[in-house]
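Working through the structure, step by step
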Amino acid sequence: MLDLTHFTPWTLFTDLGFVSILLLIGKIIRVKVKLIQQLFIPPSLIAGLLGLTFGPNGLGWIPLSSEIGTYAAILIALVFGALPLSSPNVSMKEISERVGPMWAFAQIGMLLQWGCMGLFGLFVIKLIWPDLNDAFGIMLSTGFYGGHGTAAAIGAAFERFGWDEARSLAMTTATAGVVFAIIGGLLMVKWAAKHKQTAFIADFDDLPEELRSPSTPSPSTCRSSAWSPSSAIW
């Protein structure tokens, strides 16, 4: 929770300023470094890694406040609260046909991750490190399946039960999950696109420079035959 006895508006604006600078640097790196472009690593992830490296838990060059890890748990509520505002009006039948299979796949994946990792933590990891918290395995799936928002919320809940390291562990697993999902997933997608096994995406080498950078495509680029909505998805 926020400790308002030490948290001031200046603290918030200082954190916001440094985060904005890191996002700008991440965007520049994304535009200029070809390897980052090919892996399609988002600027936000680059900014987060820079903040971790140069922030208080790294080299200590960036004086972020001790509340920097609390913002995710608050902002995720705004994200989910705004989702209905961007949803189109569609019939329930269309929703079930389009979303039903993906929802079922996601639920199966979620249940397997939570169940398997919870049991793995209790009956395997605890045998190696008996002093670990019983919920250690659950925290792994918290970050891998749920992401940083879920990790922040559930980590904070476990902290109330006396597990002080829960949120840090959850955030670590969430970061590792994002990195491995982006890099590993895109490597598989790129292989499939290169071998013409994809229907809606194009190989990276076939995209115009405006989409590789990524900078905003010019009108002439959008009109050219080299660019199409299907390749823009990639």
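Residues numbered from 1 in each chain as written. Predicted model: local features only at pLDDT ≥ 70, side-chain atom pairs only at ≥ 80, totals over all residues. Heavy atoms only, no water.

Brief notes about the overall build of the protein
- Within the protein one finds eleven helices and zero strands.
- Nonlocal contacts in the protein, meaning residues at least 24 apart in sequence, comprise 55% of its contacts between residues at least 6 apart.
- Within the structure as shown, the protein displays about 15200 Å² of accessible surface, and the carbon and sulfur contribution to it stands at 72%. (Helix = DSSP H or I, 4+ residues; strand = E, 2+ residues; numbered from the N terminus. Contact = heavy atoms within 4.5 Å. Areas by Shrake-Rupley, 256 points an atom, 1.4 Å probe, with all protein chains shown as cover.)

A word on helix 1 (residues 9-32)
- Taking 1.5 Å of rise per residue, the 24 residues of helix 1 would be expected to cover 34 Å, and the 35 Å separating its terminal C-alpha atoms lies within 8% of that figure.
- Among all positions of helix 1, only Thr 11, Asp 15, Leu 22, Gly 26 and Arg 30 are buried. (Expected span 1.5 Å × (residues − 1). Buried < 20%, exposed > 50% of the residue type's maximum accessible area, 1.4 Å probe, protein only.)

A few points about the packing of helix 1 against helix 3 (residues 43-54)
- Contact geometry for helix 1 and helix 3: axes closest at 8 Å, N-to-C directions at 120°. Relative to helix 3, the element helix 1 is oriented oblique. For the pair helix 1 and helix 3, the crossing hand works out as right-handed. Residue-level contacts link Leu 22, Leu 23, Ile 25, Gly 26, Lys 27, Ile 29 and Arg 30 of helix 1 to Pro 43, Ser 44, Ile 46, Ala 47, Leu 50 and Gly 51 of helix 3.
- Of the residues assigned to the contact of helix 1 with helix 3, the class counts are eight nonpolar, three polar and two charged. (Axes fitted to C-alpha atoms, helices over the stretch in contact; angles between N-to-C directions. Parallel < 35°, antiparallel > 145°, perpendicular 65-115°, else oblique. Left-handed = near helix turned anticlockwise from the far one by under 90°. Nonpolar A, V, L, I, M, F, W, Y, C, P; charged D, E, K, R; others polar.)

Overview of the environment of Gly 177
- By the element assignment, Gly 177 lies in helix 8 (residues 166-194).
- Residue class for Gly 177 comes out buried when judged on its relative accessible area of 10%.
- Sequence separation between Gly 177 and Leu 140 is 37 residues; the distance between their C-alpha atoms is 9.2 Å.

Quick look at helix 8
- For helix 8, built from 29 residues, the straight-helix expectation of 42 Å at 1.5 Å per residue is met to within 8% by its first-to-last C-alpha distance of 41 Å.
- Taken from the residues just after helix 8, Lys 196 is the one with a positive phi, measuring 60°.

Some points on the packing of helix 6 (residues 136-146) against helix 7 (residues 148-160)
- Orientation of helix 6 relative to helix 7, taken along the N-to-C sense of each, is 155°, at an axis distance of 7 Å. Relative to helix 7, the element helix 6 lies roughly antiparallel. The element helix 6 and its partner helix 7 pack so that their crossing is right-handed. Residues Met 139, Thr 142, Gly 143 and Gly 146 of helix 6 lie in contact with helix 7, whose contacting residues are His 148, Thr 150, Ala 151, Ile 154, Gly 155 and Phe 158.

Focus: the packing of aromatic side chains
- The full count for this structure, using the stated rule, is two aromatic pairs.
- The interplanar angle of 25° and the centroid separation of 5.3 Å between the aromatic rings of Phe 54 and Trp 61 together place this pair among those described as stacked.
- Seen from their ring centres, Phe 158 and Trp 163 are 5.7 Å apart, and the 85° between their planes marks the pair as edge-to-face.
- A relative accessible area of 22% places Phe 158 in the partly exposed class. (Phe/Tyr/Trp six-rings, centres within 6.5 Å; stacked < 30°, edge-to-face > 60°.)

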